[in-house]
Amino acid sequence: DVKVTQSSRYLVKRTGEKVFLECVQDMDHENMFWYRQDPGLGLRLIYFSYDVKMKEKGDIPEGYSVSREKKERFSLILESASTNQTSMYLCASRTPLAGGRVAQYFGPGTRLLVL
Amino acid sequence: QKEVEQNSGPLSVPEGAIASLNCTYSDRGSQSFFWYRQYSGKSPELIMSIYSNGDKEDGRFTAQLNKASQYVSLLIRDSQPSDSATYLCAVRYNQGGKLIFGQGTELSVKP
C-alpha cells in the first residue's frame, strides 16, 4: 500500500511565525505535490516537485516555499504565516504506471489555523 | 484555462438507489481521468481511474468516459449511507501534467 504521511494533523500558529509542513512517502515516488483546500474554492495546487531538488510553482505559490532535499520528503514552508493561510493542507505523491498512466495518492492532511 | 466542472450538489439518493455523478472537462487533449472520494474532514481517496472510452467497473462503482462529449461520470450502484461524501473528479491533460480537480459533488445517501 502507498503511504503518504504528514507531520501534523492539526496545527495552530501565530501571525508572522515561520511554519514547516512535512510530507513523507515511502514508495520512492518522484512526483510530489502540495495543495490547499478551502470551502468553495476546491483543491488548489501550491507547489510541486518532479524530482529531488526540483520544484515548480503551482497556481497559488505566493507566500509559500518548498524544499525537496530527499526523494521521500517534500516540505512546505510558510515564511511568515498570515490569517489567510488558515486552511487544510494536503500533500500528494504520484506513481507512474504502465502505459504512461499515473496514480496520485493524498496524505491525511494538516489543518492549519493561523491566529 | 483548462477547467473541470461538476455539479456541487448536494445530490440526495435513497439507500439502494443508483447515484450518478457527472463531470465535464474543457480540453480535448486530456488523457487520464480520476474519481476521488472525500469524507468530511478527511483527505481525498482515489477510488477509480479511467483512460479510454467506455465503462470501467469496480465493485459497486462504474466509471464512464466519453471523450467525444468530454464528460466522465461515476455510477454508484446499491448506494449505502457510507457512500455519503464529496466526490472529486480530476483530469490529467498530458503525459507529465498536473491533475486538474473539479469542485466536487456532495452525495448524501438517506437510509
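Let us look at the structure shown here. Only a predicted model underlies this, so the values are computations on that prediction, with no experimental measurement involved.

**Points about the overall build of chain B**
When its secondary structure is counted, chain B shows 0 helices and 11 strands. In sequence order, chain B lays out its α and β elements as β-β-β-β-β-β-β-β-β-β-β. Taken along its principal axes, the extent of the C-alpha atoms in chain B is 40 × 30 × 20 Å. Counting only residues that meet the buried cut, chain B has 45% of its 111 residues in that class. A separation threshold of at least 6 residues defines the contact pool for chain B, and within that pool the share at least 24 residues apart is 55%. Taken as a whole, chain B presents about 5200 Å² of accessible surface, with 44% of it coming from carbon and sulfur. Side chains of chain B carry 11 positive and 11 negative charges; the gap between the two charge centres is 7 Å.

**So, the nonpolar core**
Trp35, Val72, Leu74, Ile76 and Tyr87 of chain B are the most contacted members of the largest nonpolar core, which has 24 residues in total. Broken down by secondary-structure element, the contributors of at least two residues to this core are strand 3 (19-25), strand 4 (32-38), strand 5 (45-50), strand 7 (61-66), strand 8 (71-76), strand 9 (85-92) and strand 11 (105-110) of chain B. Once residues lying within four places of it in the same chain are set aside, the contact partners of valine 72 of chain B are Leu21, Asn22, Cys23, Phe33, Trp35, Ile50, Gln64, Leu65 and Cys89 of chain B. The next biggest cluster of nonpolar side chains, apart from the first, holds 20 residues, and it includes Val4, Trp34, Leu78 and Ala81 of chain A.

**Overview of the state of the cysteines**
Taken as a whole, this structure holds 2 disulfides over all chains when the rule is applied. The disulfide partner of cysteine 23 of chain A is cysteine 91 of chain A, and the gap between their sulfur atoms is 1.9 Å. Because the sign of the S-S torsion sets the handedness, a value of about -75° for the bond joining cysteine 23 of chain A and cysteine 91 of chain A places this disulfide among the left-handed ones. Placement of the pair is cysteine 23 of chain A in strand 3 (residues 19-25) and cysteine 91 of chain A in strand 9 (residues 87-96), with a sequence separation of 68 residues. This pair shows no difference in class: cysteine 23 of chain A is buried, exactly as cysteine 91 of chain A is. Disulfide pairing is shown between cysteine 23 of chain B and cysteine 89 of chain B; the S-S distance is 2.1 Å. Because the sign of the S-S torsion sets the handedness, a value of about -70° for the bond joining cysteine 23 of chain B and cysteine 89 of chain B places this disulfide among the left-handed ones. In this pair, cysteine 23 of chain B sits in strand 3 while cysteine 89 of chain B sits in strand 9, placing the two residues 66 residues apart along the sequence. For the pair cysteine 23 of chain B and cysteine 89 of chain B, a shared accessibility class is recorded, and that class is buried.

**Some points on the environment of glutamine 31 of chain B**
All names here are of chain B. Of note, glutamine 31 is situated in the loop between strand 3 and strand 4. Judged by its relative accessible area of 32%, glutamine 31 falls in the partly exposed class. Residues glutamine 31 and tyrosine 51, spaced 20 residues apart in sequence, show a C-alpha to C-alpha distance of 6.2 Å.

The rules behind the values
- Residues numbered from 1 in each chain as written.
- Chains lettered and ligands numbered in written order.
- Predicted model: local features only at pLDDT ≥ 70, side-chain atom pairs only at ≥ 80, totals over all residues.
- Heavy atoms only, no water.
- Helix = DSSP H or I, 4+ residues; strand = E, 2+ residues; numbered from the N terminus.
- Buried < 20%, exposed > 50% of the residue type's maximum accessible area, 1.4 Å probe, protein only.
- Contact = heavy atoms within 4.5 Å.
- Areas by Shrake-Rupley, 256 points an atom, 1.4 Å probe, with all protein chains shown as cover.
- Lys, Arg positive; Asp, Glu negative; His and termini not counted.
- Charge placed at Lys NZ, Arg CZ, Asp CG, Glu CD.
- Core = buried A, V, L, I, M, F, W, Y, C linked by side-chain atoms within 4.5 Å.
- Disulfide = S-S within 2.5 Å.

Nothing here speaks to function; it is all geometry.
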